[in-house]
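# Examination of the molecular architecture
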Amino acid sequence: MKKKNLITVLPATGLSGEFIAPADKSISQRAVIIGALSAKGSVVDNFLDSDDCRRAASAFRRLGVDVRIKRGKAARLEINGKDGRLHPSGRAIYLGNSGTTMRLLCGVLAGQPFITRLSGDASLSARPMRRIIDPLSLMGARILGETEGADIYPPLTINGNPHLRSVSYKMRLKSAQVKSAVLLAGHFAEGTTTVRELCRTRDHTERMLRLCGAQIKRQGLSIHIQGKGRLVMPERFFIPGDISPAAFFIVAATIVPDSRILIRDVGLNPTRAYFLRILERMGAGIKIHSTARGRRHFEPYADLEVKTAGL
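Cut-off values and rules
- Throughout, a residue's number is its position along its own chain's written sequence, starting from 1.
- Only residues with pLDDT of 70 or above have their local features reported here, since the model is predicted, and side-chain atom pairs are shown and tallied only from 80 upward, although totals for entire chains, interfaces and linings are computed over all residues.
- The basis for every side-chain value is the complete set of heavy atoms in the structure, and neither hydrogens nor water enter the calculation.
- Cavity means a closed set of points on a 1 Å grid over the protein atoms alone, one where a 1.4 Å probe fits but cannot get out, pocket means an open set with protein on both sides within 12 Å along at least 5 of 7 lines, and lining means a residue has an atom within 4 Å of a point.
- Grid points are joined across faces, edges and corners, and a volume is the space filled by probe spheres set on the points.
- Charged residues are taken to be Asp, Glu, Lys and Arg, nonpolar residues to be Ala, Val, Leu, Ile, Met, Phe, Trp, Tyr, Cys and Pro, and polar residues to be all remaining types, Gly included.
- To count as a disulfide, a pair of cysteine sulfur atoms needs to be within 2.5 Å.
- Only protein chains enter the calculation, and the probe is 1.4 Å; a residue is then buried if its accessible area is under 20% of its type maximum, exposed if over 50%, and partly exposed in between.
- Two strands are counted as paired when DSSP detects at least two bridges linking them.
- Numbering of helices and strands runs from the N terminus, with a helix taken as a DSSP run of H or I at least four residues long and a strand as a DSSP run of E at least two residues long.
- Here the term right-handed applies to a crossover when the path leading from its first strand over the helix to its second strand runs clockwise, the strands being oriented away from the viewer.
- Take the buried residues of types Ala, Val, Leu, Ile, Met, Phe, Trp, Tyr and Cys, join any two whose side-chain atoms come within 4.5 Å, and each joined set is a nonpolar core.
- Only heavy atoms matter for contacts: two residues are in contact if any of them lie within 4.5 Å across the pair.
- The span you would expect from a helix comes to 1.5 Å times its residue count less one.
- What counts as an axis is a line fitted to C-alpha atoms, over the stretch in contact for a helix, and the angles between N-to-C directions run from 0 to 180 degrees.
- Here the aromatic set is Phe, Tyr and Trp, taking the six-membered ring for Trp, and pairing holds for ring centres within 6.5 Å; pairs whose planes are under 30 degrees apart are stacked, those over 60 apart are edge-to-face, and all others are tilted.

### Brief notes about empty space enclosed by the protein
Per the counting criterion, the structure on display carries one cavity of 30 Å³ or more. Looking at the largest cavity, the residues that line it are D24, I27, H204, P240, G241, I243, G267, L268, N269, R272, E299 and P300. Here the residues of the lining of the largest cavity are counted per class, giving five nonpolar, four polar and three charged.

### Observations regarding the state of the cysteines
In protein structure, a disulfide is the covalent linkage between the sulfur atoms of two cysteines. Within the structure shown, the criterion is met by zero disulfides. For C53, which is in no disulfide, the shortest distance to another cysteine sulfur is to C212 and amounts to 16 Å. By relative accessible area, C212 is classed as buried at 2%.

### Description of the pairing of strand β6 (residues 115-119)
Here strand β5 (residues 93-94) runs beside β6; their pairing, made up of two bridges, is parallel. In the sheet register, I93 faces β6, and the bridge partner there is L118. For the crossover from β5 across helix α3 (residues 99-109) to β6, the handedness is right-handed. In the sheet, β6 pairs with strand β8 (residues 151-159) via four bridges, with the strands oriented antiparallel. Pairing of L118 across the sheet is with L156, part of β8.

### As for the nonpolar core
With 71 residues, the main nonpolar core has F60, L77, L105, L118, L156, M208 and L209 as its most contacted residues. Not counting the four nearest positions on each side in its chain, L77 is found in contact with A31, V32, S42, V43, V44, F47, V67, R68 and I69. In this structure, I243, A246, A253 and I286 belong to the second largest nonpolar core, which totals 17 residues.

### Re helix α2 (residues 51-62)
In an α-helix, one full turn covers 3.6 residues, which means residues spaced three or four apart are oriented alike. Look at α2: 16 Å from first C-alpha to last across twelve residues, which is about the 16 Å you get at 1.5 Å a residue. Residues of α2 that are buried make contact with α1 (25-36), β2 (41-47), β3 (66-70), β5 and α3. Note on α2: the residue one or two positions beyond its end, G64, has a positive phi of about 95°.

### Quick notes on the sheet that holds strand β9 (residues 168-170)
Spatial strand order, β9-β10-β12-β11: four strands in an open sheet with mixed pairing. For this open sheet the edge positions go to β9 and β11 (216-219), each flanked by a neighbour on one side alone. Going across the sheet, the axis of each strand differs from the next one's by a mean of 15°, ignoring polarity. Here β11 runs beside strand β12 (residues 222-226); their pairing, made up of four bridges, is antiparallel. Counterpart to Q219 in the pairing with β12 is S222.

### Quick notes on the packing of aromatic side chains
A full pass over the atoms with the stated rule returns three aromatic pairs. Measuring from centroid to centroid gives 5.4 Å for F237 and F298, while their planes differ by 90°, and the two rings are edge-to-face. Of this pair, F237 sits in strand β13 (residues 236-238) while F298 sits in the loop between α9 (292-296) and β16 (301-307), and the two are 61 residues apart along the sequence. Of the two residues, F237 and F298, neither departs from the other in class, the shared state being buried.

### Description of the environment of G99
The topology assignment puts G99 in helix α3. Along the chain, G99 and Q177 lie 78 residues apart, while their C-alpha atoms are 8.7 Å from each other. Excluding residues within four positions of it along the chain, G99 makes contact with L124, R127 and Q177.

### Some details on the pairing of strand β10 (residues 192-196)
Pairing between β9 and β10: three bridges, direction parallel. Bridge assignment links S168 to a residue of β10, and that residue is T194. In this region the chain leaves β9, passes through helix α5 (residues 176-188) and returns to the parallel neighbour β10; the handedness of that crossover is right-handed. Relative to β12, β10 runs antiparallel, the two sharing five bridges. Directly across from V195, in β12, lies its bridge partner I223.

### Quick word on the sheet that holds β5
Spatial strand order, β5-β6-β8-β7: four strands in an open sheet with mixed pairing. Of all strands in the sheet, those bounded by a partner on one side alone are β5 and β7 (142-148). Helix-sheet contacts for α3 involve β6 and β8, and the interaxial angle to β6 is about 180°.

Below, the structure written as structure tokens:
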């Protein structure tokens, strides 16, 4: 009989040190998608070199965009947009397990004058897509997939329409992906497209579209985007660290005795970082050291100092 592997875990006596949080995946994916629509090239520092982000980059290469990921201590994205004019792929684009890429890409492809087929792995093929198909169909796109019950699943075939109609769409569920797909399609539509949320969801798409010159504004729970505009991404910008993986270390330093850590360049987008306010209400010892770069950035970020505290 084989001996079982035993793992012994000893209590920590104190966490100390500093590190840089991994780059934010949501912002990295949107940098590829919106950068591909820009009229000029851009260099994006601190890009997350993960499978989902590589799938997004590969998809736009297939659509005629010059996009490269330069690997190093921190990855860098170099992308030369096509000013909204993509090329047909010729064969299906495989997206692995990246649901964000598939849903947002549908919004982009809805306004293109050609047909594209998107596929994914078994997990992605089990994710419901009617939530984006319904609003994009109202705008004039035709999207076909595998029907099962009341929903539609990948692989998807997107019949794009270069003459999309603007809509005023009331969200049926809380989803930043659905909101983003409609706003990206609204960029190609005539007139003003409006999305009304049930509650405020993460706003990375709106922030990046605004950074690139889109006429987009929020009024309460409604977001309005003026179609047929031109996007110009800055020549260079920085992607902050992702607060989601940093959260584990923040909590650990809070509850492990005699701890003090410093996490640099953490994204503090209000739609992502509310848990910090909850911890502070519980008595956590968290200090935010804002930087000049972070204050000027389209996505707020700062260094976080966390010390042990009695919650």
